[in-house]
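A closer look at the structure
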Amino acid sequence: MFEVVIGLEVHVQLNTKTKLFCSCPTSFNHKQNTNTCPTCLALPGALPVFNKEVLHKAIMFGTAIDATVNKTSYFDRKSYFYPDSPSAYQITQLYTPVVEHGKLRIDFENGSHKIIRINRAHIEADAGKNIHEGDISKVDLNRAGTPLLEIVSEPDMRSAEEAVLYLKKLHAIVRYLDISDANMQEGSFRVDVNVSIRPKGDEKLYTRVEIKNINSFRFIQKAIELEVARQVEAWEDGTYKDEIVQETRLFDQTKQETRSMRGKEEAADYRYFPEPDLLKAVISDEMMALYSKIPELPDEKMERFIKEYGMSEYNASVITSSVEMAKYFEDMMDEGISAKNATTWLTVELQGRLKGDMNITNTHVDAKKLGLLVKRIEDGTISGKAAKEVLDKLVEENLDVDGVIDALGLKQVSDTGALEAICDEIINANQEKVAEYRGGKDKLFGFFVGQAMKASKGSANPQTINEILKAKLG
Amino acid sequence: MITLKEALKLSSKELEDLKANLASEIAKHPELNAYIDVNNVGSGVPIAVKDNIQVKDWSITSGSKILQGYIAPYNATVIEKMLKAGLSPFGRTNMDEFAMGSTTESSCYGKTLNPHNADCVPGGSSGGSAAAVAAGLAIAALGSDTGGSIRQPASFCGIVGMKPTYGRVSRYGLGAYASSLDQIGPMTQNVEDAAILYDIISGHDEKDSTSADMNDKVSDKLNPARKLRIATLPKYIEHASQDVKDAYSKAIEALKNAGHTIVEKELLDAKYDISAYYITATAEATTNLARYDGIRYGRRAECKDLKELFINSRSEGFGEEVKRRILLGNFVLSSGYYDAYYVKAQKVRHIIKDEYAKVFEDVDLILSPVAPTTANRFGSLSNPIEMYLSDIYTISVNLAGLPALSLPICKSAKGMPVGLQLIAKAYDEQTLFDGALSLEKEINYKG
Ligand SMILES: [Zn+2]
């Protein structure tokens, strides 16, 4: 029996307005090499100036994972030649990172928990991008110098499932703190996975294989499973020593395999040493006090929802799993509706109707609309069945809730006068049945309600009909 | 040549004539090779600029083939400050490639001659700036000093050269050699001009994180009448030639005559300075020069793939001395050697700083040689180690980050200038200039 050992390195691109060491904007999708300056192009004589906004975000993250936030941290140069690295060294924090010794809780579906330790989170500058077009390679340095927080876990995860739970929780925290867009497709949340196996009970760590830059949780899970299978097979075939080497592998999603990225390679020597162009990064007491006040995190929100709204643990975890969902829910609640209805209409009705690329952040149906729709059910304006029809329409087109209710003629009649007239008619037309009912045949009450609803063409509020009939039939 | 102080009073018409005259004089002496080329920015007093200080729209190459074709797109902070103060960058001066050298022989533009003797080096790495001022082809010049690169050529050429306290002058726009040691400084005909130019280029700069948050000025309060306590280093000068020893005695006499108190002190054996300096400087240099990869600017060699692009561009673009220091820097930083070399060198650096601090508890200034000898003849340093050893009197000042000023004292038996330096405590430029002005008056050196 084998045990899987997984450690994760996540590069989170921080959403500061300007780059880490210059005042170029960090925005995406600009023309190549326009968001650049002498510093991020590494022209002769240009110097870095540290963007302190990065420290604010590091403090928030350190606080969120219950870590030590170092009031003094240092920058180091990491040397390597690559076209997208203009100075041929990356400014990073090797010796004293800004955040150390954190922890993060993952929750399993069966209700149990596990703590994953986080070794460190350090500040570093991102590289540019190489673009290969046939024989020609181009370099775009718009991204060069964008601030990253590299978050390094301890090798505490024992399955692909645990790894994905850790990543989802980390992703949620980063989004709750709003320190990064954390968009995996756009590369602002990049994951490198370190995987090894060992016989169960063995304490030592075996050869670890790194799988780089996988851009979805699903692929990460798959990549780990495939890599573990490869290692286990090699072990069982007696070829582990030859086949499993410390290397970087790529996940090929079409071939469903991991593949060695390079041939045999000498171990890189990054020749780290302290960056002489920068002073130490110092966090003042004021800065620490200000930025360690962080917004409510997923775990706290979940506990609050359970307590405050009597939500089930499962529903609470679904609603709090992303900051967008939690915010949507809380905005719905502003309409003064019940948490139970809000939960159902958000997680079942709305999400069930969002297809393809649609999600709660880009649908026409914002939280205010859905909240109002639920309110219209609760105040008796429409029936639950009619509300589903309204929602179908709202998802398709950008319309307002009451307008759709009117247009579809779904408003329930709660006007007692009109409904009383209907009930009187039904009673007059069915005198025999009235006698039977009064004689003790209680079941007939449903018949009268049905007839009344039918006569109102379904627009009557069933509650009101009930009350009127009860009174009239005695 | 008119002094900087006088030139600052000239009308724009007079400055125009002066510049035209200067340009034609420079053109008349191509053999000196102090200037790489002569361009002008603005209508101010002409100041020659070392080829590693960025001047917008100028070709700035740090004396290296690898930067051929590179046009600087921005001004160094010192250039911005000069322009604001009514000075004009005027002419680009020759230098050792990437400021690595003590003779200006490693420039890709060929050697610069010493105006006092064409068979001798002008010193380096700011040899072009020193020669231009000494030959009367510049009113004043900017140099840069990483291990003596302003003071030593100033001494060899018989002019004044000043290295400010680390952090006094912004390094923004100075093509980096060793970031924790580099400082830009003035090279002038006299001490007062050095103070004036120092005042113009110094001051806090947000673009340089290592810039000190200080803006105090010195030239308006120069006071040569101050009586100071000045340390001499009897043991230290044992390594110097007789010419230098004679100049040292002469300077001590002059300082005594001027009413200063002389006290004898000792510093750590300079062999430690050499090791700490060459480890620190090359470690920083190797990374600072890694950006010259042929990808974005400068000279790109013929190649068939990426690896060749890097290797060929750098092999062809860098000269021998630069390659030697890149290799040395990579060696001292490589894993397994880092602690033994780089970390140890930083400890030594602290010891050197502490040693100076101890001496400065008792004195205002230290009098020290600049170089062990006068300007050597071309090709007379047979190996790199000899050249490195010739830096023994200058590098500890950079390692400790102190201000120092080299000024001419006398001429040697063979008629070559001999300079000495005064060293002050960090940020005490005022005392440095006051003492230097007093010594200059008392010595009354005539070039
Ligand atoms: Zn930039």
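The model shown is predicted, which means the values in this text are computed figures rather than measured ones.

This part is about the overall build of chain B. Summing up its helical and strand segments, chain B has 14 helices and 11 strands in all. For a compact globule of 447 residues, the expected C-alpha radius of gyration is about 22 Å, and chain B comes in at 20 Å, within 12% of that figure. Viewed in the frame of its principal axes, chain B has a C-alpha envelope of about 70 × 60 × 45 Å. For chain B, the residues scored as buried account for 58% of the 447 residues in total. Partitioning the contacts of chain B with sequence separation of at least 6, the portion at a separation of at least 24 is 75%.

As a further point, take the overall build of chain A. Across its full length, chain A carries 16 helices and 16 strands. Over its C-alpha trace chain A gives a radius of gyration of 30 Å, far above what one expects of a compact globule, namely 23 Å for 474 residues. Overall, chain A is about 100 × 55 × 50 Å in size when its C-alpha atoms are taken along their principal axes. Per-residue burial over chain A gives 39% buried out of 474 residues.

Here the focus is the packing of helix H10 (residues 367-378) of chain A against helix H11 (residues 384-396) of chain A. All names here are of chain A. Where H10 meets H11, the closest approach of the two axes is 9 Å, and the angle between their N-to-C directions is 160°. Comparing the axis directions of H10 and H11 gives the class roughly antiparallel. For the pair H10 and H11, the sense of crossing is right-handed. Residues Lys-369, Leu-373, Arg-376 and Ile-377 of H10 form the contact with H11, whose participating residues are Gly-384, Ala-387, Val-390, Leu-391 and Leu-394.

Below, the discussion takes up the domain arrangement of chain A. Partitioning chain A into domains gives domain 1 (2-289), domain 2 (298-407) and domain 3 (416-473). Here the C-alpha centroids of domain 2 of chain A and domain 3 of chain A sit 34 Å apart.

Let us now look at the sheet that holds strand S10 (residues 404-411) of chain B. All names here are of chain B. Taken in spatial order, the 11 strands of this open sheet run S1-S3-S2-S4-S6-S5-S10-S11-S9-S7-S8, and their pairing is mixed. Of all strands in the sheet, those bounded by a partner on one side alone are strand S1 (35-40) and strand S8 (261-264). Each adjacent strand pair in this sheet contributes to an overall mean axis angle of 30°, direction not counted. Judged from the two bridges that link them, strand S2 (residues 45-50) and strand S4 (residues 140-145) form a sheet pairing that is parallel. Bridge pairing in S4 links Ala-48 to Ala-141. Sheet strands in contact with helix H4 (residues 127-134) are S1, S2, strand S3 (87-93), S4, strand S5 (160-163) and strand S6 (183-188), and its direction is about 155° off that of S4.

On the chain B side, the residues contacting the 25 residues of chain A number 34 residues. Here the residues of the side of chain A that touches chain B sort into 18 nonpolar, three polar and four charged.

The subject of this paragraph is the nonpolar core. In terms of nonpolar packing, the biggest core is built from 242 residues, with A:Ala58, A:Ala163, A:Tyr166, A:Val193, A:Val390, B:Ile47 and B:Ala132 touching the most fellow members. The dominant element in this core, judged by the number of residues it contributes, is helix H2 (residues 160-177) of chain A, at 10 residues. Every residue in contact with A:Tyr166, bar those within four places of it in the chain, is listed here: A:Leu8, A:Leu104, A:Ile106, A:Ile116, A:Ser153 and A:Met157. By size, the runner-up hydrophobic cluster in this structure holds 10 residues, among which are A:Leu419, A:Cys423, A:Ile426 and A:Phe448.

The next subject is helix H10 (residues 320-333) of chain B. With 14 residues, H10(B) should reach 20 Å at 1.5 Å per residue; the first-to-last C-alpha distance of 20 Å fits that figure. Residues of H10(B) that are buried make contact with strand S15 (273-274) of chain A together with helix H8 (270-288) and helix H11 (339-360) of chain B.

Residues and elements named next belong to chain A. As summarised here, the arrangement of the nine strands in space is S2-S6-S7-S10-S1-S11-S12-S13-S14, forming an open sheet in which the pairing is mixed. At either end of the open sheet lies a strand with only one pairing partner, and these are strand S2 (68-69) and strand S14 (257-260). Pairing of strand S6 (residues 99-107) with strand S7 (residues 113-125), which is carried by eight bridges, proceeds in the antiparallel orientation. Looking across to S7, one finds that Gly-102 is bridged to Ile-118.

Below, the discussion takes up the domain arrangement of chain B. Residue and element names in this part refer to chain B. The assigned domain composition of chain B is domain 1 (4-222 + 371-419) and domain 2 (271-342). For domain 1 versus domain 2, the distance between C-alpha centres works out to 24 Å. Taken residue by residue, the interface counts 29 residues in domain 1 and 22 residues in domain 2. Going through the elements one at a time, helix H12 (384-389) and helix H13 (395-400) are the ones with two or more residues in the side of domain 1 that touches domain 2. Split into classes, the residues belonging to the side of domain 1 that touches domain 2 amount to 16 nonpolar, 10 polar and three charged.

Mean pLDDT over chain B works out to 96, with 100% of the residues at or above the 70 mark. Here the predicted complex carries an ipTM of 0.97, next to a pTM of 0.91.

All names here are of chain A. Relative to the helices and strands, Val-10 is located in strand S1 (residues 2-13). As a C-alpha pair, Val-10 and Met-358 span 348 residues in sequence and 27 Å in three-dimensional space. Ignoring sequence-local partners within four residues, the contact set of Val-10 consists of Ile-151, Leu-170, Phe-189, Arg-190 and Val-191.

Residue and element names in this part refer to chain A. Most of strand S10 (residues 147-153) is tucked away, with five of its seven residues classed as buried. The pairing of S1 with S10 spans five bridges and is classified as antiparallel. From the neighbouring strand, Val-10 faces S10, where its bridge partner is Ile-151.

A few words now on the pairing of S3(B). All names here are of chain B. In terms of burial, S3 is largely enclosed, as seven of its seven residues are buried. Pairing between S1 and S3: three bridges, direction antiparallel. Paired with Tyr-35 across the strands is Thr-93, a residue of S3. With five bridges joining them, S2 and S3 adopt parallel strand pairing. Paired with Val-49 across the bridge in S3 is Arg-92.

Residues and elements named next belong to chain A. Residue position: Leu-226 is located in helix H3 (residues 217-237). Once the C-alpha coordinates of Leu-226 and Glu-257 are considered, the two residues, 31 residues apart in sequence, prove to be 6.3 Å apart. Not counting the four nearest positions on each side in its chain, Leu-226 is found in contact with Gln-256, Glu-257 and Thr-258.

Here we come to helix H6 (residues 191-201) of chain B. Residue and element names in this part refer to chain B. The buried fraction of H6 is high, at 11 of 11 residues. Within H6, the full set of buried residues consists of Val-191, Glu-192, Asp-193, Ala-194, Ala-195, Ile-196, Leu-197, Tyr-198, Asp-199, Ile-200 and Ile-201. Looking at the residues trailing H6, positive phi occurs at Gly-203, about 125°.

In this section: unusual backbone geometry. With an omega of 10°, the peptide bond running from B:Gly124 to B:Ser125 counts as cis. For B:Ser125, the position within the fold is in the loop between S3 and H4. Not every positive phi belongs to a glycine, and A:Ala182 is a case in point at roughly 50°. Within the element layout of this structure, A:Ala182 appears in the loop between H2 and strand S11 (189-199). With a phi angle near 65°, B:Ala99 is a residue other than glycine that sits in the positive phi range. Relative to the elements of secondary structure, B:Ala99 occurs in the loop between S3 and H4.

Turning our eyes to something else, we now look at the packing of H2(A) against H3(A). Residue and element names in this part refer to chain A. At a closest axis distance of 9 Å, the pairing of H2 and H3 adopts a crossing angle of 150°. The angle between the axes of H2 and H3 places the two elements in the roughly antiparallel class. Viewed along their axes, H2 and H3 form a crossing whose handedness is right-handed. Counted together, Ala-160, Ala-163, Val-164, Leu-167 and Lys-168 of H2 and Phe-217, Ile-220, Gln-221, Ile-224 and Glu-225 of H3 form the full contact between these two elements. Here the contact of H2 with H3 is built from residues that sort into seven nonpolar, one polar and two charged.

Reading guide: rules and limits
Residues numbered from 1 in each chain as written. Chains lettered and ligands numbered in written order. Predicted model: local features only at pLDDT ≥ 70, side-chain atom pairs only at ≥ 80, totals over all residues. Helix = DSSP H or I, 4+ residues; strand = E, 2+ residues; numbered from the N terminus. Rg over C-alpha atoms; globule rule 2.2 N^0.38 Å. Buried ≥ 20, exposed ≤ 12 C-beta atoms within 10 Å, placed from the backbone. Contact = placed C-beta atoms within 7 Å. Axes fitted to C-alpha atoms, helices over the stretch in contact; angles between N-to-C directions. Parallel < 35°, antiparallel > 145°, perpendicular 65-115°, else oblique. Left-handed = near helix turned anticlockwise from the far one by under 90°. Domains from an automatic or database assignment. Pairing = 2+ DSSP bridges. Nonpolar A, V, L, I, M, F, W, Y, C, P; charged D, E, K, R; others polar. Core = buried A, V, L, I, M, F, W, Y, C linked by C-beta atoms within 7 Å. Expected span 1.5 Å × (residues − 1). pLDDT = per-residue confidence, 0-100.

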